[in-house]
Amino acid sequence: MNIDEFRENAHFLVEWMVEYLKNIETYPVKSPVKPKEIIEQLPDAPPEDGESFDIIFSDFCKIILPGITHWQHPSFFAYFPANNSFPSILGEMAMATIGAQCMIWETSPSAAELEERVMQWTARMIGLPDCFTGVIQDTASTSTLVSILTAREKFSGYEINSKGFTRNKKFTVYCSKETHSSIEKAVKIAGIGRENLRKIDVDEKFSLIPEFLEDSIRKDIQNGYIPLCTIATIGTTGSTAIDPLKPIGEVCKRYNLWLHVDAALAGTALVLPEKRWMIEGIENVDTFVFNPHKWMFTNFDCSAYFVKDKEALIKTFEIHPEYLKTQEDKKVNNYRDWGIQLGRRFRALKLWFVIRNFGVNGIREKIRSHIQMAKELASMIENSPDFELIAPVPLNTVCFRWKPENINNLDYLNRLNEQLLENLNKSGKLYLTHTKLNGIYTIRFVVGQTNVQKKHVEQAWEFIVDVSKDMRKKFLKGRSSL
Ligand SMILES: *Cc1c(COP(=O)(O)O)cnc(C)c1O
């Protein structure tokens, strides 16, 4: 492809992008393809000779698009949002065009300095105090691993980095039973061991119970363990439960534990002054992560990680190979030393485009409307005799199940809801996913796609009710077989 062909293809692609996003509601939200359906259409071997963009693109439309689940469909209510937006897409395009590898300041000074500034903006937007310094990581999973590794090194006097686990230190880490699986993964990778992760019980709102945390820490100290770190979640993946940061922070302070906050999804809601209560107690927090790539309209990936003791972070990760030394090292941020990867994408660019184009007020408005829509859905569910809420709705996630009158058997209800979910998703009209809360098969309805409107939520709810009525008719007919 030469530069003139590139120009032509790029213009063509932009036209396609506009049509795709304009017509996104005509696609089935969840891809209907079966396993192997895509790979079987792809040749075993790469082409020996180059192919034209026309042919490649036509295969993209024919083979690849049917196997895409459309996360930007406004009726995508599954998992969590992984939003894009127009300014973010433009940022990604500019970034891809420049193609810079931003491992150190010198490899693109603008990337390092824009990241520094945009992270300061982001901290201010979500109400973090000035003592936090930000850096962009790829994901919340990585951010949490970075936090646990920093805690491990700070608390061992940077000894494990140099000598490994020589003295067989038995660290313990604490989180709630509702905590995201990435915490267990990080504990495994950090060499702490899954068996040394304590999953503390939650209350009726699915929030960690601080008294149980303290009991567990005390017991571990008595048994010769070294309690290292607690992970509090603001907005659990299951039901957006909010762990009480203040009492948890006080326990951590009392027993000298590192405190990391995982706010991967819900951190964005902190742009709203009325949601700032969620970080009451932030003064005892060591590190904090949230993902602009979830609910803040910024293309995946972009995870905002904040740390109080920046020196401890850098001391944990810094490397000094001769070929990466520069004269400016003392005056600048070399972000290769602020996390795991050496090579880094220029992620700050798209975040800058997003924050400037939306403005903080534009972001607030969207988030507020998503939370309001979730609230309205929750009250429709509450007022419906055949459905019930399974968890409180503090943010944008509504956890519910179908519970037809006179049916009380848990296993039967679980199977019924599993079947309902499958029937809903099969339609292609919307996409919902599930979790289990207290053994209850729970359908999650997450309102958070960039362009979701009230009508999408209302249509989805009507559809859920209709499908459940159809199912009910069918199983009433076959009652004897139940
Ligand atoms: C989504 C999520 C994660 C994982 O985020 P990644 O960026 O995909 O690693 C972790 N914790 C919570 C609470 C989440 O919602």
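All figures in this text were calculated on a predicted structure; none of them were measured in a lab.

Thresholds applied
All residue numbers here refer to positions counted from 1 along the written sequence of the relevant chain. Thresholds applied to this predicted model are a pLDDT of at least 70 for local features of residues and 80 or more for the giving and counting of side-chain atom pairs; totals over whole chains, interfaces and linings are not thresholded and use all residues. The side-chain quantities take in all heavy atoms of the structure and omit both hydrogens and water. The disulfide criterion is simple: two cysteine sulfur atoms within 2.5 Å. By convention in these notes, a residue is near a molecule or strand provided one of its non-hydrogen atoms lies within 4 Å of it. Residues adjacent in sequence count toward polar contacts only when both atoms are side-chain atoms; beyond that, a polar contact is any pair of N or O atoms within 3.5 Å, and within protein one must be able to donate a hydrogen and the other to accept it. We get accessible surface area from the Shrake-Rupley algorithm with a probe of 1.4 Å; when it comes to residues, only the shown protein chains can shield them. Only DSSP runs of H or I covering at least 4 residues are called helices, and only runs of E covering at least 2 are called strands; the numbering of each starts at the N terminus. Each residue is assigned to one class: nonpolar for Ala, Val, Leu, Ile, Met, Phe, Trp, Tyr, Cys and Pro, charged for Asp, Glu, Lys and Arg, and polar for all the others, Gly among them. Each residue gets one of three labels from its accessible area relative to the maximum for its type: buried under 20%, exposed over 50%, partly exposed in between, using a 1.4 Å probe on protein chains only. The criterion for strand pairing is that DSSP finds at least two bridges linking the strands in question. A crossover gets the label right-handed when its path from the first strand over the helix to the second runs clockwise, viewed with the strands pointing away from the viewer. The rule for a salt bridge is simple: a side-chain nitrogen of Lys or Arg has to be within 4 Å of a carboxyl oxygen of Asp or Glu. Using a grid of 1 Å spacing that covers the protein atoms alone, one calls a set of points a cavity when a 1.4 Å probe fits there but cannot get out, and a pocket when the set is open and has protein on both sides within 12 Å along at least five of seven lines; lining residues are those with an atom within 4 Å of a point. Grid points are joined across faces, edges and corners, and a volume is the space filled by probe spheres set on the points. Fitted lines through C-alpha atoms serve as axes, helices being fitted only where they are in contact, and the angles separating the N-to-C directions of these axes extend from 0 to 180 degrees. Any two residues whose heavy atoms approach within 4.5 Å are treated as being in contact.

## Some remarks on the state of the cysteines
Part 1 of the argument: The final tally for this structure, using the stated rule, is zero disulfides.
Part 2 of the argument: Among the cysteines around Cys175, which has no disulfide bond, Cys229 carries the closest sulfur, lying 9.3 Å off.
Part 3 of the argument: Residue Cys399 stays outside any disulfide, its sulfur separated by 19 Å from that of Cys175, the closest cysteine.

## Quick look at the site of the ligand
Part 1 of the argument: The immediate surroundings of the ligand are formed by 13 residues, with Ala140, Ser141, Asp262, Asn291 and Lys294 found nearest.
Part 2 of the argument: Between the ligand and Ala140, the relevant distance is 2.8 Å, taken from an oxygen atom to a main-chain nitrogen or oxygen of the residue.
Part 3 of the argument: At 2.5 Å from an oxygen atom of the ligand is found a side-chain nitrogen or oxygen belonging to Ser141.
Part 4 of the argument: Compared with its free state, where it exposes 390 Å², the ligand has 92% of that area covered by protein.
Part 5 of the argument: Those elements giving two or more residues to the shell around the ligand turn out to be α5 (140-155) and α10 (292-295).
Part 6 of the argument: Among the residues forming the shell around the ligand, the class breakdown is three nonpolar, eight polar and two charged.

## A closer look at the pairing of strand β2 (residues 171-176)
Part 1 of the argument: For β2, a buried count of six out of six residues is recorded, marking the element as mostly surrounded by other parts of the structure.
Part 2 of the argument: Residues Phe171, Val173 and Cys175 line one face of β2 and the alternating positions Thr172, Tyr174 and Ser176 line the opposite face, and both faces are buried.
Part 3 of the argument: As defined by bridge partners, β2 adjoins strand β4 (residues 226-233) across four bridges and the pair is classed as parallel. When the sheet's bridge partners are listed, Val173 is paired in β4 with Cys229.
Part 4 of the argument: Examined bridge by bridge, β2 and strand β3 (residues 197-200) share four bridges and lie parallel to one another. Paired with Ser176 across the bridge in β3 is Ile200.
Part 5 of the argument: Note that the unit made of β2, helix α7 (residues 181-189) and β3 has a crossover that is right-handed.

## Overview of the pattern of salt bridges
Part 1 of the argument: According to the stated counting rule, one finds 21 salt bridges in the structure shown.
Part 2 of the argument: In this structure, the salt-bridge partner of Lys350 is Glu92, at a minimum N-O distance of 2.7 Å. One end of the pair, Lys350, is in helix α12 (residues 348-382); the other, Glu92, is in helix α3 (residues 86-98), and 258 residues separate them in sequence.
Part 3 of the argument: By relative accessible area, Glu92 is classed as buried at 16%.
Part 4 of the argument: Notably, a salt bridge pairs Arg401 with Glu388, separated by 2.6 Å at the nearest N-O pair. In this pair, Arg401 is assigned in strand β9 (residues 397-402) and Glu388 in strand β8 (residues 387-389), connecting sequence segments 13 residues apart.
Part 5 of the argument: Look at Arg401 and you get buried, because its relative accessible area is 8%.
Part 6 of the argument: For Glu388, a relative accessible area of 26% translates into the label partly exposed.

## With respect to the layout of surface pockets
Part 1 of the argument: Counted as a void, the largest pocket has a volume near 630 Å³.
Part 2 of the argument: Forming the boundary of the largest pocket are 19 residues, of which Trp16, Tyr20, Gln72, Asn84 and Asn299 lie nearest the centre.
Part 3 of the argument: When residues of the lining of the largest pocket are traced back to their parent elements, those giving at least two are α1 (3-22) and α3.
Part 4 of the argument: Per element, the largest residue contribution to the lining of the largest pocket is five residues, and it comes from α1.
Part 5 of the argument: The residue inventory of the lining of the largest pocket, partitioned by class, reads 13 nonpolar, five polar and one charged.

## Let's talk about the sheet that holds β9
Part 1 of the argument: Read from one edge to the other, the open sheet built from four strands follows the order β8-β9-β11-β10, with strand pairing classed as antiparallel. The two strands at the open ends of the sheet, each matched to only one other strand, are β8 and β10 (433-437). The sheet shows a mean angle of 40° between the axes of neighbouring strands, direction not considered.
Part 2 of the argument: Two strands pair when backbone bridges link them, and β10 and strand β11 (residues 440-446) are joined in this way by five bridges, in the antiparallel orientation. In the strand pairing of β11, Leu437 is matched with Ile440.
Part 3 of the argument: Across the sheet, helix α13 (residues 410-426) touches β8, β9, β10 and β11, and the angle it forms with β11 is around 30°.
Part 4 of the argument: Here helix α14 (residues 454-477) sits on the sheet and contacts β8, β9 and β11; the angle it forms with β9, its principal contact strand, is near 15°.

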